[in-house]
Structures are given as C-alpha cells and as structure tokens.
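Each chain is listed here by its residues.
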Amino acid sequence: QVQVVESGGGLVQPGGSLRLSCTASGSIFSVVAMGWYRQAPGKQRELVALITNHGTTTYADSVKGRFTASRDIPKNTVSLQMNSLKPDDTAVYYCTAEVLTAPRTVPYDYWGQGTQVTVSS
C-alpha cells in the first residue's frame, strides 16, 4: 500500500501566497514522478506541475512564473509554492505520485485526498 498525504491550502486574498506539501509513504521501491493537479468546480482535473526523477519540471501555462514546484527525492516529498494567487487558482489541489512498488514492474499513480485552495477577497 502507498499513501499520499497533502498539507497546506486554505483561504488567501488575491495576490497572496500559499505553500502546499505532500509526502508519499508505504511500499515504495521508487517514485518516478511527483506533482500537483487541480480541479475547479465544474471543470476537469488539470495538471499544475510535475517533476520527474530526472529533474524535469512541467508547469501549466497558467501558473508559469507564479508557482514553483520542488521535490526531495530521498524523502518522497513534493512542495508547491504558489505566489501572486488569483481567483482563477481556486480549486481542490491533488498531489500525485507515480510509484514503482517493486523492480521491473509498471508504475502506478497514487493520489492524495486533495486540499482546498480558495483565493478570494
């Protein structure tokens, strides 16, 4: 079993900052990638940021220059620093970890329970 647990989130005014953190734990052989998705009411879940084991980071165009994702690979953690937040950033943010539970197996995506981020004055 693999657990993915997020922390952070909350209510912030436009222009403010928040930091999300996430840890993957359990039966982990290797974490291939970790990152963040978000889902706003009535919209599909979308990628926010994803970091691979090779250090490649992919950001959604809408957050480039405002959000910064970082990973601690040995600790299986990922963080998301969100600056200059806008009302359009309001969503439930989900952490994801692409995990190998044993060598020479297919990686599987595990998800956290989600954390609410609300940007409003």
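Heads up: the structure comes first, above all this text.
Residues numbered from 1 in each chain as written. Predicted model: local features only at pLDDT ≥ 70, side-chain atom pairs only at ≥ 80, totals over all residues. Heavy atoms only, no water.

For the rest of this paragraph, the subject is the overall build of the protein. In terms of regular secondary structure, the protein is built from zero helices and 11 strands. When its C-alpha atoms are laid out on the principal axes, the protein stretches across 50 × 25 × 25 Å. A buried classification covers 38% of the 121 residues belonging to the protein. Here the contacts in the protein between residues at least 6 apart in sequence split such that 56% fall between residues at least 24 apart. Carbon together with sulfur atoms contributes 49% to the accessible area of the protein, which is approximately 6500 Å² in total. (Helix = DSSP H or I, 4+ residues; strand = E, 2+ residues; numbered from the N terminus. Buried < 20%, exposed > 50% of the residue type's maximum accessible area, 1.4 Å probe, protein only. Contact = heavy atoms within 4.5 Å. Areas by Shrake-Rupley, 256 points an atom, 1.4 Å probe, with all protein chains shown as cover.)

Moving on, we get to the side chain of Arg71. With respect to the helices and strands, the residue Arg71 is situated in strand β7 (residues 67–72). Asp72 is the oppositely charged side chain nearest to the buried, salt-bridge-free Arg71, at an N-O distance of 8.1 Å. Only 3.5 Å separates the side chain of Arg71 from the backbone oxygen of Val31, close enough to count as a polar contact. There is a polar contact of 3.1 Å between the side chain of Arg71 and the backbone oxygen of Ile51. Setting aside anything within four residues of it in sequence, one finds Arg71 in contact with Val31, Val32, Ala33, Met34, Ile51, Thr52, Asn53, Thr77 and Val78. (Lys, Arg positive; Asp, Glu negative; His and termini not counted. Salt bridge = Lys/Arg side-chain N within 4 Å of Asp/Glu carboxyl O. Polar contact = N/O pair within 3.5 Å; in protein donor to acceptor, adjacent residues only side chain to side chain.)

Here we take up the pattern of salt bridges. Pairs may arise between side chains of opposite charge once their charged atoms sit close together. Tallying each qualifying case throughout the model produces four salt bridges. For Arg38, the salt bridge identified is with Glu46, shortest N-O distance 2.7 Å. The class of Arg38 is buried, set by a relative accessible area of 6%. Taken together, the shared-partner salt bridges connect Arg38, Glu46, Arg66 and Asp89 into one network.

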